[in-house]
Amino acid sequence: MAGPLIGGRRVRLAPLAVLLAVAAAGLGGARPSSQLAAGPTPCAAIAALEPQTGHTMPPAAPVLFAADFPKLDDCEWGYPLGGWGGIKGHSAIKHTPVIFVHGNQADAENWYLVADQFKALAGYTDQEMYALSYNGLGNAYAGLPVKSQPAPESITYWNSTNPPNYAICCNGGHGASDDPNVPDLYAFVKAVQGYTGSAKVDIVGHSLGVTITRKMLLLHPELRSSVVAAVMIAGGNHGTTICRGLDSSYYGCEEIAPGTGWLQLLNAAGEAPGPTRWMTVYNGTDNVDPYFSSGPTYDDHQSPALKGAINMQFPQTYHNDLRVDPAIVPVYLKFLLEQGQDPAAIALVNQPQVTPVGGGLPNTSR
């Protein structure tokens, strides 16, 4: 969730019947290239029902998966689904594979810093970590933290765009929303399961990736027994401040502005449905994260918290730092490892070198 917000045309919510039809059609979403049909995609039809201000076609993102990873195409735009992950199909794994889901106007590059920490702290391999780039190539600035320098892989990633550094200097921002991208995430989860041979996966989502993940598990409840643990970082679970007053005029805000019918339906179905185990990571107390701030007539600080989850607050922490901060990553990494994984690996992150900002204050009040 990033970028400027301006007014525009009125919108209708995508009918649930349309979403269910997309989910049911071949299990929805990013399809093998050989199955692409001519004409508008089902996800493009969903996107057309939303406000169009801020909705433009992004360039395709780099495809950096292992050579034998399934080839998928973006459900809305039709070009190859970008991202990274994998070594070779069905290679040995010792951790539950983790799937990273980025936020608005960003892409899979967002997760290199996190992946490097997973490797250093707990010995994850490239066969055990996967990130998709739904909605094409993102902007570097959309995912940049304040306190951490980019990973070396990020520099290589930006240099490799055509022209070089296009994701930094020139992309301009292409907004995303939840419903047109849910099928891509679903297809990606199924692809990772098939590629690794692991029925079980973990999901770590940030910002818009949080509500995309939650909507996927609402439409595909059979996946809840496969998603062992879900870490939801700074997600608009009860609305984001930057969409206030724009729910009928800006692309995606009809979903995640505070008080929308879309969020009411999502949350009414259960905010942290089992058997998946849930953790949220968010600021919770101040306006350093502008996506969940307070004003004279509202307070959105607690929006990312979920009833039934372990809710962890990190005060004085910016939106993107919540995802990558070396004081925070060990907290949610340990949570993932505790869900049925190797006790020896858990011990590696029992004592993070840096104390979490604000002590990692737990909040289970929602």
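Everything numeric in this text was worked out from a predicted model, so none of it was measured.

Undergrad: Just give me the short version of the nonpolar core, but keep the residues and values in it.
TA: Counting 44 residues, the largest nonpolar core has Ile99, Phe188 and Met216 as its most contacted members. Sorting the residues of this core by element identifies strand E5 (98-101), strand E6 (129-133), helix H7 (182-196), strand E7 (201-206), helix H8 (208-219), strand E8 (227-233), helix H9 (253-256) and helix H10 (261-268) as the ones contributing at least two each. Ranked by the residues each element gives to this core, the list is headed by H7, at 8 residues. When neighbours within four sequence positions are excluded, Ile99 is seen to be in contact with Tyr130, Leu185, Phe188, Val189, Val192, Val201, Asp202, Ile203 and Val204. The next biggest cluster of nonpolar side chains, apart from the first, holds 42 residues, and it includes Leu137, Val204, Ala229 and Leu322.

Undergrad: With reference to specific residues and values, describe the packing of aromatic side chains.
TA: Applying the stated criterion across every chain, the model contains 13 aromatic pairs. With 5.2 Å between their ring centres and 15 degrees between their planes, Trp84 and Tyr112 make a pair best called stacked. Residue Trp84 is located in strand E4 (residues 82-85), and its partner Tyr112 is located in helix H3 (residues 112-122); the two are separated by 28 residues in the primary sequence. When the ring of Tyr112 is compared with that of Tyr157, the centres are 6.1 Å apart and the planes differ by 65 degrees; the resulting orientation is edge-to-face. Within this pair, whereas Tyr112 is found in helix H3, its partner Tyr157 is found in helix H5 (residues 152-160), the two being separated by 45 residues in sequence. What makes Tyr112 buried here is its relative accessible area of 9%.

Undergrad: Help me get a handle on the pattern of salt bridges, residues and values and all.
TA: All told, the structure shown has 5 salt bridges when counted by the stated rule. Here Asp325 ties to Lys147 by a salt bridge, and the two come within 3.0 Å at their closest N and O atoms. A residue pair is termed long-range when its members are at least 10 positions apart, and Asp325 in the loop between helix H11 (321-324) and helix H12 (329-338) and Lys147 in the loop between helix H4 (140-143) and H5 qualify at 178 residues. Close ionic contact of Asp300 with Arg244 constitutes a salt bridge, the shortest N to O distance being 2.8 Å. Pair noted here: Asp300 is in the loop between strand E11 (298-299) and strand E12 (310-313) and Arg244 is in the loop between E8 and H9, with a separation of 56 residues, a long-range link. For Arg244, a relative accessible area of 35% corresponds to the partly exposed category.

What counts and what doesn't
- Residues numbered from 1 in each chain as written.
- Predicted model: local features only at pLDDT ≥ 70, side-chain atom pairs only at ≥ 80, totals over all residues.
- Heavy atoms only, no water.
- Core = buried A, V, L, I, M, F, W, Y, C linked by side-chain atoms within 4.5 Å.
- Buried < 20%, exposed > 50% of the residue type's maximum accessible area, 1.4 Å probe, protein only.
- Helix = DSSP H or I, 4+ residues; strand = E, 2+ residues; numbered from the N terminus.
- Contact = heavy atoms within 4.5 Å.
- Phe/Tyr/Trp six-rings, centres within 6.5 Å; stacked < 30°, edge-to-face > 60°.
- Salt bridge = Lys/Arg side-chain N within 4 Å of Asp/Glu carboxyl O.

Scope: geometric values only; no functional claims are made or implied.
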